[in-house]
Amino acid sequence: MNLISWNYRGLGNRATVQVLRKLLHEKDASMVFLMETKLKTAQMNKVNYVALKYDGCFPVDCVGSGHNRRGVVFVMEGGDYG
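So, how was this worked out
Residues numbered from 1 in each chain as written. Predicted model: local features only at pLDDT ≥ 70, side-chain atom pairs only at ≥ 80, totals over all residues. Heavy atoms only, no water. Helix = DSSP H or I, 4+ residues; strand = E, 2+ residues; numbered from the N terminus. Buried < 20%, exposed > 50% of the residue type's maximum accessible area, 1.4 Å probe, protein only. Contact = heavy atoms within 4.5 Å. Core = buried A, V, L, I, M, F, W, Y, C linked by side-chain atoms within 4.5 Å. Pairing = 2+ DSSP bridges.

(A) Representation of the overall build of the protein. Along its length, the protein carries two helices and three strands. In the protein, the order of α-helices and β-strands from amino to carboxyl end is β-α-β-α-β. Within the protein, the proportion of its 82 residues that are buried is 29%. Pairs at least 24 residues apart make up 62% of the contacts formed inside the protein by residues separated by at least 6 positions.

Shown next, in the form of structure tokens:
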């Protein structure tokens, strides 16, 4: 089992998501823990559904707005990103 833990500091653009997807594929990550994605639950679920395709996505809403957004953490497991 390979685990990736990353303090991402924002996961809001397509290029960043593609970099993450490539990393997960290269490292054959079976579990991912991302911190500070600065996304709401619905946005994170969309990133997972469209690009990452992991089972067990457990997003936690961020708090604040703009530059003050903080606090999102989520775990995914069982990736099918290939």
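(B) Region of the structure containing the nonpolar core. In terms of nonpolar packing, the biggest core is built from 15 residues, with Leu11, Leu20, Leu24, Val47 and Leu52 touching the most fellow members. The biggest single contributor to this core is helix 2 (residues 41-52), with four residues.

(C) Summary view of the pairing of strand 2 (residues 31-35). Of the two faces of strand 2, only one is covered, namely that formed by Val32 and Leu34; the face formed by Met31, Phe33 and Met35 stays uncovered. Relative to strand 2, strand 1 (residues 3-7) runs parallel, the two being bridged by five bridges. Of the residues in strand 2, the one forming a bridge with Asn7 is Met35.

Shape descriptors only; they carry no functional weight alone.
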